[in-house]
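Letter by letter, the chains look like this.
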Amino acid sequence: RSLGIEDKTSPGLYAAAFAKTPNETHLLGVTSSNHHVYLYDVIEGDLKGSSEQTKDASHHTDEVNGLDFHFEQKVMVTVSDDKLAKIWDIEKMEVLRNLQHEKEVY
């Protein structure tokens, strides 16, 4: 199955991670060069959320280099060239915590 943004102006996609959430949703998380993270339902092929939806501009301010999901909880972590690791609530797409680093995080 092909998932993602179909137009040719879409951002470069970097890292990807799979997760099976406690409510049995199969997610694919993808990071991008446009400072955002996208979550897709692997079974349905639908976009389930993105950091573009954050109300308070809490998304990353530089390229997002990686992500991973917690096995038992509904959280993920993203890392970026903006020197931050962010812990997210994946259902609300809200940042729960920012972890500042001295250099870019990969």
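This part takes up the nonpolar core. If you look at the biggest cluster of nonpolar residues, it comprises 13 residues, and the most contacted ones within it are Val-37, Leu-39, Leu-67, Phe-69, Met-76, Ile-90 and Met-93. Breaking this core down by element, the ones donating at least two residues are β1 (13-20), β3 (37-41) and β5 (64-69). If sequence neighbours within four positions are ignored, Val-37 has contacts with Val-30, Gly-49, Ser-50, Ser-51, Val-64, Leu-67, Met-76, Thr-78 and Met-93.

The strand order across the open sheet built from 4 strands is β1-β2-β3-β4, with neighbouring strands paired in antiparallel fashion. One side of each edge strand has no neighbouring strand; the edge strands of this open sheet are β1 and β4 (47-50). Pairs of neighbouring strands in the sheet enclose a mean axial angle of 20°, with direction left out of account. Pairing between β1 and strand β2 (residues 26-32): 6 bridges, direction antiparallel. Across the sheet, the residue bridging to Phe-18 is Leu-28, located in β2.

This part covers the pairing of strand β7 (residues 84-89). Taking burial as the measure, the 6 residues of β7 include 5 buried ones, the bulk of the element. In the sheet, strand β6 (residues 75-80) pairs with β7 via 5 bridges, with the strands oriented antiparallel. The residue bridging Met-76 from the neighbouring strand is Trp-88, located in β7. Count of turn residues in the β6/β7 antiparallel hairpin: 3 residues, of which Lys-83 carries a positive phi of about 70°. Note that β7 and strand β8 (residues 94-100) share 6 bridges and pair antiparallel. In the strand pairing of β8, Asp-89 is matched with Glu-94. The antiparallel pairing of β7 with β8 creates a hairpin that spans 4 residues between the two strands, and Met-93 there sits at a positive phi of about 50°.

Glancing now at the side chain of Ser-51. Along the chain, Ser-51 turns up in the loop between β4 and β5. Judged by relative accessible area, Ser-51 falls into the buried class, the value being 1%. Of the polar contacts made by the side chain of Ser-51, one reaches the side chain of His-36; its length is 2.8 Å. There is a polar contact of 2.9 Å between the side chain of Ser-51 and the backbone nitrogen of Val-37. The contacts of Ser-51, once residues within four sequence positions are left out, are His-35, His-36, Val-37, His-59, Trp-88 and Met-93.

Of note, Val-105 is situated in the segment after β8. Along the sequence, Val-105 and Asn-65 sit 40 residues apart, while their C-alpha atoms lie 7.3 Å from each other. Ignoring sequence-local partners within four residues, the contact set of Val-105 consists of Asn-65, Val-79, Ser-80, Lys-83 and Leu-84.

Conventions and cut-offs
Residues numbered from 1 in each chain as written. Predicted model: local features only at pLDDT ≥ 70, side-chain atom pairs only at ≥ 80, totals over all residues. Heavy atoms only, no water. Core = buried A, V, L, I, M, F, W, Y, C linked by side-chain atoms within 4.5 Å. Buried < 20%, exposed > 50% of the residue type's maximum accessible area, 1.4 Å probe, protein only. Helix = DSSP H or I, 4+ residues; strand = E, 2+ residues; numbered from the N terminus. Contact = heavy atoms within 4.5 Å. Pairing = 2+ DSSP bridges. Axes fitted to C-alpha atoms, helices over the stretch in contact; angles between N-to-C directions. Polar contact = N/O pair within 3.5 Å; in protein donor to acceptor, adjacent residues only side chain to side chain.

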